[in-house]
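# Structural overview for review
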Amino acid sequence: MKNSIKNILTIISVLTFSISFAQNIEGVVKTTENTPLEAANVVVKGTTSNTITDASGKFSIDTKGKLPVTLLIQYVGYKTTELEISDLPATPLQIVLNEENALVEVVVSSRRRIEKVQDVPIAISVITGKQAEQTGAFNVNRIKELVPSVQLYSSNPRNTGINIRSLGSPFGLTNDGIDPGVGFYVDGVYYARPAATTLDFIDVEQIEVLRGPQGSLFGKNTTSGAFNITTRKPSFTTGADFEVSYGNYAFLQAKASVTGALGKKVAGRISFSGTQRDGLIDNIVTGRPTNTLNNQGIRGQLLWTPSVNTNIILAADITTQRPDGYAQVVAGVAPTQRAAYRQFDAIIKDLNYQLPSLNAFDRKIDQDTPWRSGQDMGGISLNIDTKVGPGTLTSTTAWRFWNWDPSNDRDFTGLQVLAKSQNPTRQTQITQEVRYAGQLSTKVSGVVGAFFIDQTSQTDGTEESGNAQWRFSQSTTSPLWKTPGLFEGYGIKTDARIRASSAAVFGQIDWAITERLHILPGLRYNFDKKDAHYARKTYGGLQTNDPALLALKKSVYSDQAFDSSTDNTDFSGNLTLTYKVSDKINTYATYAKSYKPVGVNVAGLPTDSKGNPLLDLAVIRPEKVNHYEIGVKTSPFKNSIFNLTFFNTDIKDFQTNVQAAELGVNRGYLANADKVRVRGAELDASFVFSSHLTVNAAATYTDGKYVKFTNAPLPLEETGAPVSFKDVSGTDLPGASRWAGSLGGELSDNATFFGNRGKIFVAIDSYARSEFSSSPSASKYLIVPGYAIFNARLGFRASQGLSVHFWGRNLLNKDYYEQLLPAGGNAGQYAGVIGDQRTYGVTLKYSL
C-alpha cells in the first residue's frame, strides 16, 4: 500500500499547477476593533467558489467571470455577512465582521436548501470535515463516538447494521431482502448497502446526521434517520491539502486533495485516502497478528459551469479494502439445555482441544479457517443544479457497485468444524432523483421530487464441513455419527439472487403562517417490488446409500429451493409545527407516518414435515411506523447552543428474526414481530466560552422495548428447551443502551510555528454508553457491559502551511466489547467483537 500511496501522491502533486483563467475579487476581512481575521471563509453564493483569508485578513476569490455576484463571509464567533458585487472593485474590499453566535451560524442542506441548523425543525447533528479529521473519525464507526444516538454494529462489512435511536437494521442479521431504515447519502447519491458505512471518508466537507423518519425530504424512504454527507467540491482557485499520520501497530494513513481550474468554465478535484495498520489480535497458529487495516480510496470530480445559473458535476470513486481481519475472539461459554454430551466443554474434551485463552482480552486466537473481508465499492454520478424561476432544479443520476469476497471461521475455534464459510456477493444499483426546491411564494417554500432505484444482488455461497463437524452436530448417542469421513467435505453451494426496484414521489412545503409560526406538511407515495431466487445444493462427504447415514447428513445440510415475488404501495407523510419564541428559542413538534418496504427471505426457510419450504414465510410484511417528536433549539447566551428533543416511535410488524410457534424445528428466519416501541430524549450542547475554550456535549436516553413478540428465537442458554420459541414481550430491544453520551473540549491560543500563524491546542473527547443486549432475544450471556473511552490530541494547526498534532485513542486502555454473538451450531460458545486497545500517533498536514 505504501507504494500505492506514493504513486498516487506523485500524480496528484502534478495537478497542483493548474491555472485559473478568471478574474478575482480581492479584499480584507477585519473585526470592529480593526484586527485582521485569519482563516475567515469567503464564498461566492450559489457556486462552489470559496477561499479563506490569510494572516493579514486578505483574500482573493475567483468570480468565474460572472457579475453581479454575492459574497458570503463567515468566521467562527462572528455574524455571517452578505455583500453584493456588481462591478469588479478597483481597490481591495474592506469588510468588517460583527461578533455573533457562531454556533447557530452553521448551515446545512438537509432540506435541500442552505439554512442555519438552528432554524431546521429536525433533530440533527453536524460534524464538519475538519472536526472529523481532528478527532480521528475517518469512518462511521468513529462518528458514533461524537453522535451517541448513532449505533453501528459490524462483525464484518457485510454483517453491518447502522441504527439511529436503536432502530434501522435487524440486529446481528444479514439478509439482502430487506431495506435499511437509515439512509446513507454522499453528495445526494443513495448507497444501498450498509457495508458503505465501514469505508473511510474521502475529502469530506460536512456530515449531517438526521434523526427520525425523513421520507418527504430524501429519495429513498428512511424510517430511522439519514446520513447526509457532502464532499468538498472542485474550485476554480488552486488549492491542495496533504496529510500523513503515523502511529503504533504500524499505523499509516495518507490523504491528499488537489483542486484547480482546468479552463474558464471547468474545474477539477482529485482526492485520495489510504489507511493501513498491523493486526490487533494474535493468531498463535499462523504466528502473525490479524485484524489489520488495508484500505485505499480515490475520488475524482469535474465541475462545469456552462452558465451563471447552472452547475454540473461528474464524479467517480472507488474504494478497496483488503484486511486480514474481522476475526472474533471466543468470549465465553454458556451452558445450554441440551444433553451433557452436547455442551461445548464436553465436545472439545472429546476432541482433545483447548481454547488458546479463556480471557478474550488476551487477544489470542487459533482459528484455522482464514478470515478474509475483501470488498470493492465504487461508482459514477452526474449531478446537475440549475436555477429555474424562484428555485433550483436538481437531477442526480448514479450507478454503483459493491463486490464482497469473504472467508469466515464461524465456530471461532481451531477445530475444523467448518472448513469453509463464505458468501461472496456482487451488488449493483442504478438511481435517479429529480427534485425542485425553492421559495415558491412570499410565504411558501418547499421541495418536491421523484426517485427511482433498481438494484440486483447475486450471492454464490459455500459452506463446507471439516473433520470436527460430526461432534458438534451430534444429536444422539448413535455410533453412526463417528462413521469415518461422513461429514468431511460435506457442504452446500448456495445461489441467492434478488432484484429490487423502488419508485417514489415526495414533497414537503414550509408555509409561514406568521413570521414566527410555520406549518410543514410532507407527503410520500412509494412503490416497491422484489423478486428473489434461493437454491442450495448439498455436495461431498461420504458417498453412501445407507438411509441412516443419509439421514444424519440431511440433519446437517439439506437441499432447498424456492422463488418468491412481492410488491407493495404505500402513502406516508409527516406534519410539523414550528414556532420561534424568540431569536434565541425555536420549538417544533412533529408527527410522521412512515414505513419500511416489504421484504423477502433469501437465507433459507423453515420446512414442513415433508421437508418442503414454507413459502408463505418467504415474504416479510412492511413495517408501519408512527413517530412523535417535540424539540426545542436554543441559544441561551452568546456563542452557545442547547437543544433538547423528546421522541416516541411505535412500529407495527417490526422486521426481525423470529421463530414460528407451529414449527417443530429450531430454525430462525426473517419475519415480523407484532410491535416494538422506542422512546427517549436527546441533548446537544456546545459552548464557546472564549476564543480559547470550547466545550461540546451530547447525551441520549433510549427505552426500546418489544411491546409484543410471542415467537422470538430462544436465548443462547435456552437452546435445547422443549419448545423452540419464546415470548419476549416487554423485554429490551437488542443494541439499545439506556444511556449514551459524549463530552469534549478544546483549549487553544494563538501561536506561530515555522513562520505560520495559527493556534496551539489541547483537546479531550470522551464517549460512554451503558450495557445493552447483543442478541435478538435477551440472553444473560450476551449482554455487552457498559464502557467509556477517552481520546486526546495536542498540537498546532494553521489554515495554510504546516499543521501537526499528536493524538491518542482509548488512553486508559479500556477493555470493551462492541458486540457479542453466538457461534454457529449453538453449542454454547460465543465470541466478541473487541474494541481497539490504546493507540497513539502523530499527524502532519500541509495546506496550499
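Numbering of residues starts from 1 in each chain and follows the order in which that chain's sequence is written. Confidence filtering applies because this is a predicted model: local features only for residues at pLDDT of at least 70, side-chain atom pairs given and counted only at 80 or more, and all residues used for totals across whole chains, interfaces and linings. Side-chain numbers here rest on the full set of heavy atoms in the structure, without hydrogens or water.

### A word on the overall build of the protein chain
- Across its full length, the protein chain carries six helices and 49 strands.
- Every radius of gyration here is taken over C-alpha atoms, with the globule rule written as 2.2 Å times N^0.38, N being the number of residues. For a compact globule of 848 residues, the expected C-alpha radius of gyration is about 29 Å, and the protein chain comes in at 28 Å, within 12% of that figure.
- Across its three principal directions, the C-alpha atoms of the protein chain cover 95 × 55 × 45 Å.
- A 1.4 Å probe rolled over the protein chains alone gives each residue an accessible area, and that area as a share of the maximum for its type sets the label: buried under 20%, exposed over 50%, partly exposed in between. Here the protein chain, with 848 residues, has 57% of them falling under the buried criterion. For helices the rule is a DSSP run of H or I covering at least 4 residues; for strands it is a run of E covering at least 2, with both sets numbered from the N terminus onward.

### So, the packing of aromatic side chains
- Any Phe, Tyr or Trp ring, taking Trp's six-membered ring, that has another such ring centre within 6.5 Å forms a pair; planes under 30 degrees apart are called stacked, those over 60 apart edge-to-face, and the others tilted. Overall, the coordinates contain 23 aromatic pairs when judged by the stated rule.
- When the ring of phenylalanine 687 is compared with that of phenylalanine 689, the centres are 5.8 Å apart and the planes differ by 20°; the resulting orientation is stacked.
- Note on phenylalanine 689: relative accessible area 49%, which makes it partly exposed.
- Members of the aromatic cluster, each reached through a chain of ring pairs, are Tyr185, Tyr190, Phe218 and Phe451.
- Sitting over a ring, as applied to charges here, requires NZ of Lys or CZ of Arg to be within 6 Å of the ring centre and within 35 degrees of the ring normal. Sitting above the plane of the phenylalanine 647 ring, arginine 165 keeps its charged end 4.1 Å from the centroid.

### Some remarks on the nonpolar core
- Here, nonpolar core means buried Ala, Val, Leu, Ile, Met, Phe, Trp, Tyr and Cys residues that are tied together by side-chain atoms lying within 4.5 Å of each other. Among the nonpolar cores identified, the biggest contains 35 residues, and Phe412, Leu415, Phe472, Tyr817, Leu820 and Tyr830 are the most heavily contacted of them.
- Sorting elements by how many residues they give to this core places strand β48 (residues 829-834) first, with four residues.
- Core analysis: the second largest hydrophobic core is formed by 28 residues, Leu152, Val182, Ala195 and Phe227 among them.

### Comments concerning the pairing of strand β45 (residues 787-797)
- Two strands pair under a simple rule: DSSP has to find at least two bridges between them. By the bridge criterion, eleven bridges tie strand β42 (residues 756-769) to β45 in an arrangement that is antiparallel. If you follow isoleucine 760 over to β45, its bridge partner there is phenylalanine 796.
- Inspection of the sheet shows β45 paired to strand β46 (residues 801-809) by five bridges, in the antiparallel sense. Looking at β46, one finds that glycine 795 is bridged to histidine 805.
- Where β45 hands over to β46, the hairpin turn is made up of three residues, counted between the paired strands.

### Examining the environment of valine 447
- Positionally, valine 447 belongs in strand β30 (residues 444-465).
- When its relative accessible area of 5% is taken as the criterion, valine 447 is described as buried.
- On a C-alpha basis, the gap between valine 447 and alanine 697 in space is 32 Å, while along the polypeptide they are 250 residues apart.
- By the convention used here, residues are in contact when the closest approach between their heavy atoms is within 4.5 Å. If we ignore the near neighbours within four places in the chain, the residues touching valine 447 are Arg112, Ser216, Leu217, Arg435, Tyr436, Ala437, Phe506, Gly507 and Gln508.

### Description of the sheet that holds strand β4 (residues 58-62)
- Overall, mixed pairing links the three strands, which are arranged β4-β1-β7 in an open sheet. At either margin of the open sheet sits one strand with a lone partner, and together these are β4 and β7 (93-97). Ignoring strand direction, the axes of neighbouring strands in this sheet form an average angle of 35°.
- Inspection of the sheet shows strand β1 (residues 24-31) paired to β4 by five bridges, in the antiparallel sense. Within β4, the position partnered with asparagine 24 by the bridge is aspartate 62. Axis definition: a line fit to C-alpha positions, over the contact stretch in the case of helices; interaxial angles, taken between N-to-C directions, run 0 to 180 degrees.

### Some remarks on the confidence of the model for the protein chain
- Taken as a whole, the protein chain shows an average pLDDT of 87; of its residues, 94% reach a score of 70 or greater.
- Confidence scores labelled pLDDT are given residue by residue by the predictor and lie between 0 and 100. Element-level mean pLDDT values for the protein chain span from 49 in helix α1 (residues 2-14) up to 95 in strand β37 (residues 623-634).
- Note on residues 8-22: pLDDT under 50 across the span, and 31 contacts to partners over four residues away in sequence or across chains.

### A look at the sheet that holds strand β14 (residues 189-190)
- Across the sheet, which stays open at both edges, the five strands sit in the order β10-β15-β16-β13-β14 with mixed pairing between neighbours. If you trace the sheet from one side to the other, it starts and ends with β10 (124-128) and β14, each paired once.
- Of the pairings in the sheet, the one linking strand β15 (residues 204-211) to strand β16 (residues 225-231) comprises seven bridges and is antiparallel in character. Bridging from a neighbouring strand, valine 204 pairs with threonine 231 of β16.

### Things to note about the pattern of salt bridges
- Definition used for salt bridges: Asp or Glu carboxyl oxygen within 4 Å of a side-chain nitrogen of Lys or Arg. Under the criterion given, the structure shown has 40 salt bridges.
- Two residues, aspartate 836 and arginine 277, come together in a salt bridge whose shortest N-O distance is 3.2 Å. One end of the pair, aspartate 836, is in the loop between β48 and β49 (839-847); the other, arginine 277, is in strand β19 (residues 266-277), with 559 residues separating them in the sequence.
- Two residues, aspartate 495 and arginine 497, come together in a salt bridge whose shortest N-O distance is 3.0 Å.
- Arginine 497 sits in the partly exposed class, given a relative accessible area of 36%.

### Focus on the pairing of strand β22 (residues 293-307)
- Here β19 runs beside β22; their pairing, made up of twelve bridges, is antiparallel. Note that in β22 the partner of serine 271 across the bridge is arginine 299.
- Note: β22 against strand β23 (residues 310-321), eleven bridges, orientation antiparallel. Each bridged residue has a counterpart across the sheet, and for leucine 302 the counterpart in β23 is leucine 314.

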